[in-house]
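The lines below spell out each chain.
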Amino acid sequence: MTPQQRKANEKFAKSEAAKRGKGKSATKQKQNSKSPVSAGWVVVLAFAVCGGLAFEALRIIPELWSAAVAMFNRKLV
């Protein structure tokens with residue numbers, strides 16, 4: 001390789017590096033942040049919010065079923 005070609009290659013490499021931006025060494029790495037709430041507390045909170053709805057549904061479903069059966073029996077008679 002001639003000195004002229006080497007110089008042209010270095011110039012080209014610099015221009016291509018400028019197009020790509022900064023290298024990997026210059027970029028900041030993401031920090032893994034932990035949640036301030038543990039998984040156990042998330043489960044307790046989910047049960048407190050959704051558990052009440054589940055218990056209410058279990059209480060209402062038999063009442064709705066008996067009302068539907070009573071309505072069906074009235075239609076037959």
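Every value quoted in this text rests on a predicted model; they were computed, and no experiment measured them. (Residues numbered from 1 in each chain as written. Predicted model: local features only at pLDDT ≥ 70, side-chain atom pairs only at ≥ 80, totals over all residues. Heavy atoms only, no water.)

Engineer: Got a minute to help me understand the overall build of the protein in this structure?
Structural biologist: Tallying secondary structure elements over the protein gives two helices and zero strands in all. Taken over 77 residues, the protein has a buried fraction of 1%. If you sum the accessible surface of the protein, you get close to 8,000 Å²; carbon and sulfur atoms cover 65% of it. (Helix = DSSP H or I, 4+ residues; strand = E, 2+ residues; numbered from the N terminus. Buried < 20%, exposed > 50% of the residue type's maximum accessible area, 1.4 Å probe, protein only. Areas by Shrake-Rupley, 256 points an atom, 1.4 Å probe, with all protein chains shown as cover.)

Engineer: Please explain the packing of aromatic side chains as it appears in this structure.
Structural biologist: When we look at a pair of aromatic rings, we describe it by the centre distance and by the angle of the planes. Taken as a whole and assessed by the stated rule, the structure comprises one aromatic pair. Here Phe47 and Phe55 contribute two aromatic rings whose centre-to-centre distance is 6.2 Å and whose plane-to-plane angle is 85 degrees, an arrangement assigned as edge-to-face. The exposed category is assigned to Phe55, whose relative accessible area is 54%. (Phe/Tyr/Trp six-rings, centres within 6.5 Å; stacked < 30°, edge-to-face > 60°.)

Engineer: Explanation requested: the pattern of salt bridges in the structure shown.
Structural biologist: Pairing between side chains of opposite charge can happen when their charged atoms approach one another. Tallied over the full model, the rule gives three salt bridges. As a salt-bridge pair, Arg59 and Glu63 come within 3.4 Å of each other at their nearest N and O atoms. Of this pair, Arg59 and Glu63 are both found in helix 2 (residues 39–76), four residues apart, which corresponds to roughly one turn of the helix. For Arg59, a relative accessible area of 45% gives the class partly exposed. Glu63 gets classed as partly exposed once you look at its relative accessible area, which sits at 44%. Three or more residues joined by partner-sharing salt bridges are found here, namely Glu56, Arg59 and Glu63. (Salt bridge = Lys/Arg side-chain N within 4 Å of Asp/Glu carboxyl O.)

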